[in-house]
Amino acid sequence: MKDMIKKIANNMLSIDQAFSDEPCPISIVDINKWEWAQGVGMYGLYRYYEVTGDKFYYDFLRDWYDKRIKEGLPSKNINTCSPLLTFTYVCQDRPDYKEIIEEWAEWLMNELPRTPEGGFPHYGSVGYCDDQIWDDTIFMGVLFLARAGVVLGRKDYLEETKLQFLIHMRYLTDLKTGLMYHAWNFADRSNFGKALWGRGNCWITVAIPDYIDIMGDYLEDGIKRFLIGVLSSQIEALRKCQAESGMWHTLLDDPESYEESSATSGFCYGIHKAIRLGYVGEEYKECAKKSLDAMISQVDEKGVVHNVSYGTTCKYELDYYRNIKKCPMTYGQALAILCISEGMR
């Protein structure tokens, strides 16, 4: 599996195709751009470096950040915070780069407008959703703020991340199933079309165990147990809707929607890690193994991860999710690296 991960990682570094109809003003395909997709990619490469100790990828990350900063960083939004998560790991030793971490964290704390009750609105390069909270925000912005709090010794940042998790879990959890709706809209007090979207759910499955890791002793026992409870309920629901192939569908409760790789990778990673850390029991091992075998089957001989859905906004119409095109993406490669690396543990 080590050879496979290396192929996946190397393939990610060469992703540079672009679509003429890409809706995002900053490409989420081109590896040499600073956006959320590339941020997930950098995180996957960093976790791969952690597992293997392959310094080539650590040096690549340092060089990637140097080049992007020299080019000039884009305007601040939740999605463009995503690359800063890995930045806090590989560049925290540089005083001038620490200033960037603080600048962006201060923007999240004091300049980003808030939803009712103080939530982070899902504010991206395509548009500002001032009354909406999304699953995506937890991974794209909240994990970075937690790391910034640890690196800079800022308790106020850490406390803010706890609030954001509680608000998002309150409004995004489908209490009937334990899965997550894609988003909540304060404007009409709805979960839009109540989409139980696969990749949206996987951001939570990945984020909860990693957030607990990041916070360490800064996380009170009560909130930690709350988050493990959320994760456990979600994993139990995921086991029930896992396809026979070991994959999950892009709409988790719709077996007619296509099986999708990025969500499956995220679930595979989170379930394996939850088992390893004792957050859920051994009864989920079969589910985890099936998902790992399924993901390995999605990787071709060149290391390309197939059946990854393109970047996704939030809609009332469920057919929108069913019809999202599939193509190789940095986050698809990165999530596959995460799940296979964790599976190797």
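Remember, predicted model here, so these are calculated numbers, not experimental data.

Asker: Could you give an account of the overall build of the chain, with specific residues and numbers?
Answerer: Across its full length, the chain carries 13 helices and four strands. On C-alpha atoms alone, the chain measures out to a radius of gyration of 18 Å, which is about the 20 Å that the 2.2 N^0.38 rule sets for 345 residues. If one aligns the C-alpha atoms of the chain with their principal axes, the spans along those axes are about 50 × 45 × 45 Å. By the burial criterion, 61% of the 345 residues in the chain qualify as buried. Look at the contacts in the chain between residues 6 or more apart in sequence, and 68% of them connect residues 24 or more apart.

Asker: Account for helix α4 (residues 83-90), with residues named and values stated.
Answerer: Owing to its 3.6 residues per turn, the α-helix brings residues three or four apart onto one side. Of all eight residues that make up α4, eight are buried, and the element is covered over most of its length. Turning to α4, its buried residues number three or more, namely Pro83, Leu84, Leu85, Thr86, Phe87, Thr88, Tyr89 and Val90. Of the surrounding secondary structure, the elements contacted by the buried residues of α4 are α2 (36-52), α3 (55-71), α5 (95-110), α6 (136-152) and α8 (198-215).

Asker: I'd like a description of the packing of helix α10 (residues 261-276) against helix α11 (residues 285-297), backed by residues and values.
Answerer: The contact between α10 and α11 brings their axes to 9 Å, and the two run at 140 degrees. Our classification of the angle between α10 and α11 gives oblique. Crossing hand, α10 versus α11: left-handed. Residues Ser261, Thr264, Ser265, Cys268, Ile271, His272 and Ile275 of α10 touch α11, and the partners they reach there are Lys285, Cys287, Ala288, Lys289, Ser291, Leu292 and Met295.

Asker: Lay out the pattern of salt bridges with the relevant residues and their values.
Answerer: Tallied over the full model, the rule gives 27 salt bridges. Between Glu103 and Lys76 there is a salt bridge; the shortest N-O distance is 2.7 Å. One end of the pair, Glu103, is in helix α5; the other, Lys76, is in the loop between α3 and α4, with 27 residues separating them in the sequence. Residue Glu103 is classed as partly exposed on the basis of its relative accessible area, which comes to 42%. When the shortest N-O distance is used, the salt bridge between Glu117 and Arg170 registers 2.7 Å.

What counts and what doesn't
Residues numbered from 1 in each chain as written. Predicted model: local features only at pLDDT ≥ 70, side-chain atom pairs only at ≥ 80, totals over all residues. Heavy atoms only, no water. Helix = DSSP H or I, 4+ residues; strand = E, 2+ residues; numbered from the N terminus. Rg over C-alpha atoms; globule rule 2.2 N^0.38 Å. Buried < 20%, exposed > 50% of the residue type's maximum accessible area, 1.4 Å probe, protein only. Contact = heavy atoms within 4.5 Å. Axes fitted to C-alpha atoms, helices over the stretch in contact; angles between N-to-C directions. Parallel < 35°, antiparallel > 145°, perpendicular 65-115°, else oblique. Left-handed = near helix turned anticlockwise from the far one by under 90°. Salt bridge = Lys/Arg side-chain N within 4 Å of Asp/Glu carboxyl O.

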